[in-house]
Amino acid sequence: MAQISAIPIVDATPELARKLDGIWTSGSGVLGWLSSVDHKSIGIRYIVTAFIFLLMGGVEALVMRVQLARPDQHFLTPEQYNEFFTMHGVSMIFWYASPILSGISNYIWPLLLGSRDMAFPRLNALSYWIYLFSGIFLYASFAAGVAPDAGWFNYVPYASMDYNPGINIDVYSLALILLGISTTVGAVNFIVTLLRTRAPGMSINRLPIMVWGTLTASVGNVLAVPAVSLAFFLLWLDRRFGTHFYDVPTGGQPLLWQHLFWMFGHPWVYAIVLPAMGIVSDALPVFCRRPLFGYTVVALSTVLTMVIGFGVWVHHMFATGLPNIGMSFFSAASFVIVIPSAVAVFAWTATIALGRPRMTTAFLFFASFIVMFVIGGVSGFMTAAVPVDWQLTDTYFIVAHIHYVLIGINVFPVIGGIYYWFPKMTGRMLSERLGKWCFWLTFIGFNVAFLPMHLTGLRGMPRRIYTYGPDFGWNTLNMISSIGAFVLAIGILLFLVDVAISLRRGARAVDNPWDAPTLEWAVPSPPPDYNFVVIPKVASRHPLWEDRLGETGERSLLNRGCSLDDGRETLATTSIDAEPDAILKMPEDSFAPLILAISLSGLFVAMLAQSVGGGVLALCVGFIAMLTWLWPERVTFRPVEESHG
Amino acid sequence: MADAIVLRPDRGSVSDDLKKSSGWWGMLFLVATEAAVFAYLLFSYYYMAIENHSVWPSSAPSMKLALPNTIILLVSSVTVWWADRQYIAGRMTEAMDGLAASVGLGVVFFGMQLIEWHNKTFTLASDPYGSLYFTITGFHMAHVVVGLVIMATLILWLALGHLSDRRNSAVSIAAIYWHFVDAVWLTVFFTFYITPYLS
């Protein structure tokens, strides 16, 4: 009989902390930075990079608002306007909205889950580098004057070779496929992290809602991203290799593009809002001084939204002449999807009503999010009805709707979330005084810009026109929207000012400045590289509020647990019940992810340049990087089990 | 007294341990997303077949090469399964033989598929059917090549003695990928070679 050896359960001591520090700290200097696989460092890079894309997309929007402020303007040429609205949409939807949430989740997840890192730290680094390079790839085209110009959903035949012969559309196609690789590996990492590296005791009924949100988004991405990558790949083949997927004269089907794009597009909408809704579900209750009302239904409705979200894509295509029976089905599904969203709205409202709200900046962002969620939801609900959609599609009403959804449900929770987690990430508090100014400017600016757009749309202004005549009755509304856009921009600017000042001079943050209930607040601000000195053992949904809530007699163990200090290690637990299952050996820092990302990006540059030699070279370098990455030199795990003694 | 965590004794069943490796979980979700790629590819095929209101395809393809080739690919799945069993049992030489047989069968499949491509009277650029045929079988061929590279690498690592620890689950994880490449071929084969005879 093989011997059974116990994993020592120890106290969290300063000596142990020092030892772990030596094991987990990344190298210093540029090389250490380039090779780091620490989820916190990668998370912050994601957040910063995504914000840069938000700012670029924002500047593009402001330029467009200048152009549209008055009739018959010629600030931009029609061609430039096409590039601006395309780059604006593409930047915001693909290079900001999802990566910002990946960044926050990357930083917060292991801390929320009581783990030392994500399941695949190197994959995490790879995901970030590919994201960064795909964005540079995209924006290089803007600098070179050949930016994508067919709108973010890039409909054929307008995006086909006959009507759009430059390399603009090829850049967009390849950049988005590259970004899709990043999104996919990131999503797989989140899923496996959730299934494997939670603290013992964190069974799935104890997961924070934000974890449910990102998990659901990740599963959605794994299944949906291939549709858009394929759609763009087929388009690239059509454009460069003369295939006939989309061109009408030889029997191709332009509607195939729309199907593939929206089969992806609609689940994607939920992928970029569900984690943000999760941020609110977790952080709003902290400022209401009570647990979230209706945890179980909110968790279930999160998952249900995504499931139904896979069956509503045709509501983007009601105006394309599809059979009535098909439209009826998708119209009905689009009505049904309102139900799980409404459940969440009632849960947040009840949480505020039954709690004792503290009017912090973060609370204001979260509470106003609920209002905009309802407005964006109702305008979406309206266009789920086929006849209403026929009237409103391709007008500014839809522009208003998408901005209420994406700014209301993504940007507001994100900024609120940063006010909430900034102390954890940096060890400094953001200024509440500047924060309130930032909130009110952002909130008023946003609504002044976008609420009138519903009316602009009802008055018939089509989206994507570069200018309009003075007698169309749109002058005042457009001027109001432009003013609102600039107020919104000042609000965002003020947020950046707050971040810049607070990074240097903000008040020092204690471990748990908001008196919040979840595990990330049990570690120092900012957390050490190894996160937890000992792996905690979780006994409830609110480990730090147990004494006050008194739900059970059990208490989470935060200062006593496995030390796991034999090299980089973390604990793997079973997927549902989170019982100890194995000790995972975590990888060291490595350049392999960076080199693989460079070679992959090189492959896409070679594809754009149609250079076979370049492509072969990139593949060879990539293969060598993968060989080094996966070279078997260590045991990857040691099985463990719980002994009930 | 709080429950303690203990190192689990080796029970001799390494296959139980497979699910403890993060790589195993990662591979499952890689396969899920790859399966989605093929699902969307085949959706495109059926969508265009339905929207095309003439005879589709103009002549049903011959199974003369494709059927034996399908059988060859299926046999390669069996040899990979066998190689994995040998590896788990600690018989490294047999494991290498099994992998080598799979690589051999995979290369034969690859070669026969090239002949099949060469025999076609249409090209990637001739009509929508040709575009679909070469793109979808091309996607599959790319997956075959990746699988062959993975198995060749494993043979190299086995030969160098790098995979001596039976808990290193690399062979089992690679086997999942190869089974996927074979299973997805069945859907491609059914779509291109069997459905034309059903209508």
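Residues numbered from 1 in each chain as written. Chains lettered and ligands numbered in written order. Predicted model: local features only at pLDDT ≥ 70, side-chain atom pairs only at ≥ 80, totals over all residues.

## Comments concerning the overall build of chain B
Next up, step 1: For chain B, the count of helices and strands is 6 helices and 1 strand.
Next up, step 2: The N-to-C order of helical and strand elements in chain B reads β-α-α-α-α-α-α.
Next up, step 3: Each principal axis of the C-alpha atoms in chain B carries an extent, and together these give about 75 × 40 × 25 Å.
Next up, step 4: The 199 residues of chain B split such that 36% are buried.
Next up, step 5: Partitioning the contacts of chain B with sequence separation of at least 6, the portion at a separation of at least 24 is 80%. (Helix = DSSP H or I, 4+ residues; strand = E, 2+ residues; numbered from the N terminus. Buried ≥ 20, exposed ≤ 12 C-beta atoms within 10 Å, placed from the backbone. Contact = placed C-beta atoms within 7 Å.)

## Brief notes about the overall build of chain A
Next up, step 1: Across its full length, chain A carries 20 helices and 7 strands.
Next up, step 2: For 645 residues, the compact-globule estimate of 2.2 N^0.38 gives 26 Å, and the C-alpha radius of gyration of chain A, at 25 Å, lies within 12% of that figure.
Next up, step 3: Along the first, second and third principal axes, the C-alpha atoms of chain A reach 80 × 60 × 50 Å.
Next up, step 4: When contacts within chain A are restricted to residue pairs at least 6 apart in sequence, those whose partners lie at least 24 apart make up 80%. (Rg over C-alpha atoms; globule rule 2.2 N^0.38 Å.)

## Here's the deal with the nonpolar core
One broad trend across soluble globular proteins is that nonpolar side chains are buried collectively.
Next up, step 1: Of all hydrophobic cores here, the largest spans 255 residues; its most connected members are A:Ile191, A:Ala231, A:Leu260, A:Phe264 and B:Leu154.
Next up, step 2: Among the elements that line this core, the one with the most residues is helix H15 (residues 396-426) of chain A, at 21 residues.
Next up, step 3: Ignoring sequence-local partners within four residues, the contact set of A:Ala231 consists of A:Trp257, A:Leu260 and A:Phe261. (Core = buried A, V, L, I, M, F, W, Y, C linked by C-beta atoms within 7 Å.)

## Details of the interface of chain A and chain B
Often the size quoted for an interface is simply the accessible area lost on bringing the parts together.
Next up, step 1: Facing the 52 residues of chain A at the interface are 43 residues of chain B.
Next up, step 2: Only strand S1 (5-7), helix H6 (168-196), helix H7 (209-241), helix H8 (254-271), strand S6 (580-585) and strand S7 (637-643) of chain A provide two or more residues apiece to the side of chain A that touches chain B.
Next up, step 3: Residue classes in the side of chain A that touches chain B are distributed as 32 nonpolar, 15 polar and 5 charged. (Nonpolar A, V, L, I, M, F, W, Y, C, P; charged D, E, K, R; others polar.)

## Side note on the packing of helix H16 (residues 432-458) of chain A against helix H17 (residues 475-505) of chain A
Residues and elements named next belong to chain A.
Next up, step 1: Relative to each other, H16 and H17 sit at 155°, their axes nearing to 7 Å. As judged from the angle between their axes, H16 and H17 are roughly antiparallel. Relative to H17, the crossing made by H16 is left-handed.
Next up, step 2: For the contact of H16 with H17, a count of residues per class yields 22 nonpolar, 8 polar and 1 charged. (Axes fitted to C-alpha atoms, helices over the stretch in contact; angles between N-to-C directions. Parallel < 35°, antiparallel > 145°, perpendicular 65-115°, else oblique. Left-handed = near helix turned anticlockwise from the far one by under 90°.)

## Concerning the sheet that holds strand S2 (residues 9-11) of chain A
All names here are of chain A.
Next up, step 1: With antiparallel pairing, 3 strands are arranged side by side in an open sheet as S2-S4-S3. Lying at the two open borders of the sheet, with one neighbouring strand each, are S2 and strand S3 (535-537). Mean inter-strand twist for the sheet, computed between neighbouring axes without regard to direction, equals 55°.
Next up, step 2: Looking at chain direction, S3 and strand S4 (residues 557-562) are connected through 2 bridges and run antiparallel. The residue bridging Ile535 from the neighbouring strand is Cys562, located in S4. (Pairing = 2+ DSSP bridges.)

## A look at the packing of helix H13 (residues 361-383) of chain A against H15(A)
Residues and elements named next belong to chain A.
Next up, step 1: Two numbers describe how H13 lies on H15: the axes approach to 8 Å, and their chain directions differ by 160°. Between H13 and H15, the interaxial angle falls into the category roughly antiparallel. Crossing hand, H13 versus H15: left-handed.
Next up, step 2: Of the residues assigned to the contact of H13 with H15, the class counts are 17 nonpolar, 9 polar and no charged.

## Digging into the confidence of the model for chain B
Next up, step 1: In this model, chain B carries a mean pLDDT of 91, and residues with pLDDT of at least 70 account for 92%.
Next up, step 2: Ranking the helices and strands of chain B by mean pLDDT puts helix H4 (residues 92-119) of chain B first, with 97, and helix H1 (residues 14-17) of chain B last, with 63. (pLDDT = per-residue confidence, 0-100.)

## Observations regarding the environment of A:Asp581
Next up, step 1: With respect to the element layout, A:Asp581 can be found in strand S6.
Next up, step 2: Apart from the residues within four sequence positions on either side, A:Asp581 is in contact with A:Ala572, A:Thr573, A:Thr574, A:Val640 and B:Lys20.

## Description of the pairing of strand S5 (residues 569-573) of chain A
Residue and element names in this part refer to chain A.
Next up, step 1: When you tally the buried positions in S5, you get 5 out of 5 residues, the bulk of the element.
Next up, step 2: Relative to S6, S5 runs antiparallel, the two being bridged by 5 bridges. Within the sheet, the bridge partner assigned to Glu569 lies in S6 and is Lys585.
Next up, step 3: Count of turn residues in the S5/S6 antiparallel hairpin: 6 residues, of which Ala578 carries a positive phi of about 55°.

## As for unusual backbone geometry
Residues and elements named next belong to chain A.
Next up, step 1: Of the consecutive residues Val156 and Pro157, the connecting peptide bond is found in the cis state with omega at 0°.
Next up, step 2: Relative to the helices and strands, Pro157 resides in the loop between helix H5 (121-143) and H6.
Next up, step 3: The amide bond that connects Ser525 to the next residue, Pro526, takes the cis arrangement and shows omega of -10°.
Next up, step 4: The residue Asn154 is not glycine, and still its phi comes out positive at about 50°.
Next up, step 5: With phi around 70°, Arg464 is a residue other than glycine that occupies positive phi space.
Next up, step 6: By the secondary structure assignment, Arg464 is in the loop between H16 and H17.

## Digging into the environment of A:Ser540
Residues and elements named next belong to chain A.
Next up, step 1: Mapped onto the secondary structure, Ser540 falls in the loop between S3 and helix H18 (546-549).
Next up, step 2: Here Ser540 falls in the partly exposed class, since 19 other C-beta atoms lie within 10 Å of it.
Next up, step 3: Along the primary structure Ser540 and Arg555 are separated by 15 residues, whereas in three dimensions their C-alpha atoms are 7.7 Å apart.
Next up, step 4: Not counting residues up to four positions away in its chain, the partners in contact with Ser540 are Arg206, Glu546, Glu551, Thr552 and Ser556.

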